[in-house]
Amino acid sequence: MADWLTIAEAAQVAGVSPGTLRRWDRSGRLSAVRHPVSGYRMYLREQLVPTRPTPVPTLLGRDAEQRELADLVGTHRLVVITGPPGIGKTSLLEVALRAATLPTIAVPCARVLDTEGFVAAVARALGDGMGEAAVVERLGARPTLLGLDNLEQLLATGLPRLLLDWLDRCPGLRVVATSREALRVRPERTLALGPLPDEAARALVRDATPAAFSDAQLGALIERLDGNPLALRLAASQAELLGAEALLDQLGPDLLTTDDR
């Protein structure tokens, strides 16, 4: 069945998510068959038309980090982007996955609390419900870059050991992840994200709000918020309502809170 693809492979060829592919299946846009051995849904390659690739974006103020991450992912099998909340870890991960030459699988893990939930999340990203053995079989079937976002709440579970086991059993598998802290396992390489450079931080605020900041006000804002991109964007949104001087006067931990984790 060389011309037939799994859901994850078909989604990669078509340039859409596995969920979109399943909706096409239900609507009759695509016709699937079941693999005679594995039972997975399969799609004929010629049914799928890939979308035109889009250029990989450059993150504001993160040129050096993008280059370093590309080098790390190319030479190491487990790379973790670390840093505080809002520093831009997820954005850097997304860009790395878009730039990858390997087939990629992106797995959001913010709501995952244990290894069982983690395995289920990876299975969903692969496009079907399956147990760990089947997940490992799929991941080991071809070279793959697995992108894992928000692992910090899983560090005290068995996740680090589980990832090492998967890497051992799947020679073509590479993992790039984000976490507030490193996994602290032997083959891991980390890329620590720090504050935005001053020039990039100033450009971010000026692009995000029409409120007029003087150079001194903008410098004070960036210093108080440690050059954190998310905090600066939130502050810019408040500046439209309060004005630059009032924002600086009122700036405190409650002003920039949000219900969105």
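The coordinates are above.
It should be emphasised that the depicted structure is a prediction, and the values quoted were computed from it without experimental measurement.

## Quick look at the overall build of the protein chain
Counting its secondary structure elements, the protein chain contains 11 helices and eight strands. A total of 261 residues make up the protein chain; the buried ones form 43% of that total. Taking the intrachain contacts of the protein chain between residues at least 6 apart in sequence as the baseline, contacts between residues at least 24 apart amount to 73%. Summed over its atoms, the accessible surface of the protein chain is roughly 14,000 Å², and 50% of this surface lies on carbon and sulfur atoms.

## Side note on the pairing of strand β6 (residues 144-149)
Burial runs high along β6: six of the six residues are buried. In terms of strand pairing, strand β5 (residues 104-108) meets β6 through five bridges, oriented parallel. Bridge assignment links alanine 106 to a residue of β6, and that residue is glycine 147. Sheet analysis places β6 next to strand β7 (residues 173-179), joined by five bridges and oriented parallel. The residue of β7 that forms the bridge with leucine 148 is alanine 177. Since β6 and β7 lie parallel, the crossover through helix α7 (residues 159-169) that links them has a hand, and here it is right-handed.

## Digging into empty space enclosed by the protein
Counted under the stated rule, the structure contains one cavity of 30 Å³ or more. Taken as a whole, the largest cavity encloses approximately 30 Å³ of empty space. Taken together, Thr6, Ile7, Tyr40, Arg41, Leu126, Gly127, Asp128 and Arg138 form the lining of the largest cavity.

## Some thoughts on the side chain of glutamate 65
Mapped onto the elements, glutamate 65 comes out in helix α3 (residues 63-75). The buried category is assigned to glutamate 65, whose relative accessible area is 17%.

## Let's talk about the environment of leucine 139
With respect to the element layout, leucine 139 can be found in helix α6 (residues 132-139). Residues leucine 139 and arginine 174, 35 residues apart in the sequence, show an inter-C-alpha distance of 9.7 Å. Setting aside chain neighbours within four positions, we find leucine 139 in contact with Ile105, Val122, Leu126, Thr144, Trp166, Cys170 and Leu173.

## Structural notes on α3
For α3, spanning 13 residues, the distance from its first C-alpha to its last is 19 Å, which sits close to the expected 18 Å at 1.5 Å a residue. For α3, the full list of buried residues reads Glu65, Gln66, Leu69, Leu72 and Val73. Down the axis of α3, the buried side of the element spans an arc of 130°, and every buried residue falls inside it. Away from its buried face, by an angle of more than 90 degrees, α3 presents the exposed residues Arg67, Asp71, Gly74 and Thr75.

## Concerning the nonpolar core
Among the nonpolar cores identified, the biggest contains 36 residues, and Val107, Phe118, Val135, Leu139, Leu148, Leu151 and Trp166 are the most heavily contacted of them. Put simply, the parts of the chain that give this core at least two residues each are β4 (78-82), β5, α5 (115-126), α6, β6, α7 and β7. In terms of residues, this core owes the most to one element, α5, which gives seven residues. Setting aside anything within four residues of it in sequence, one finds valine 135 in contact with Val119, Val122, Ala123, Leu126, Met130 and Trp166. Core analysis: the second largest hydrophobic core is formed by 18 residues, Phe213, Ile222, Ala235 and Ala239 among them.

The rules behind each value
- Residues numbered from 1 in each chain as written.
- Predicted model: local features only at pLDDT ≥ 70, side-chain atom pairs only at ≥ 80, totals over all residues.
- Heavy atoms only, no water.
- Helix = DSSP H or I, 4+ residues; strand = E, 2+ residues; numbered from the N terminus.
- Buried < 20%, exposed > 50% of the residue type's maximum accessible area, 1.4 Å probe, protein only.
- Contact = heavy atoms within 4.5 Å.
- Areas by Shrake-Rupley, 256 points an atom, 1.4 Å probe, with all protein chains shown as cover.
- Pairing = 2+ DSSP bridges.
- Right-handed = clockwise from strand over helix to strand, strands pointing away.
- 1 Å grid on protein atoms, 1.4 Å probe; cavity = no way out; pocket = protein on both sides within 12 Å on 5 of 7 lines; lining within 4 Å.
- Points joined across faces, edges and corners; volume = space filled by probe spheres on them.
- Expected span 1.5 Å × (residues − 1).
- Arc of directions from axis to C-beta.
- Core = buried A, V, L, I, M, F, W, Y, C linked by side-chain atoms within 4.5 Å.

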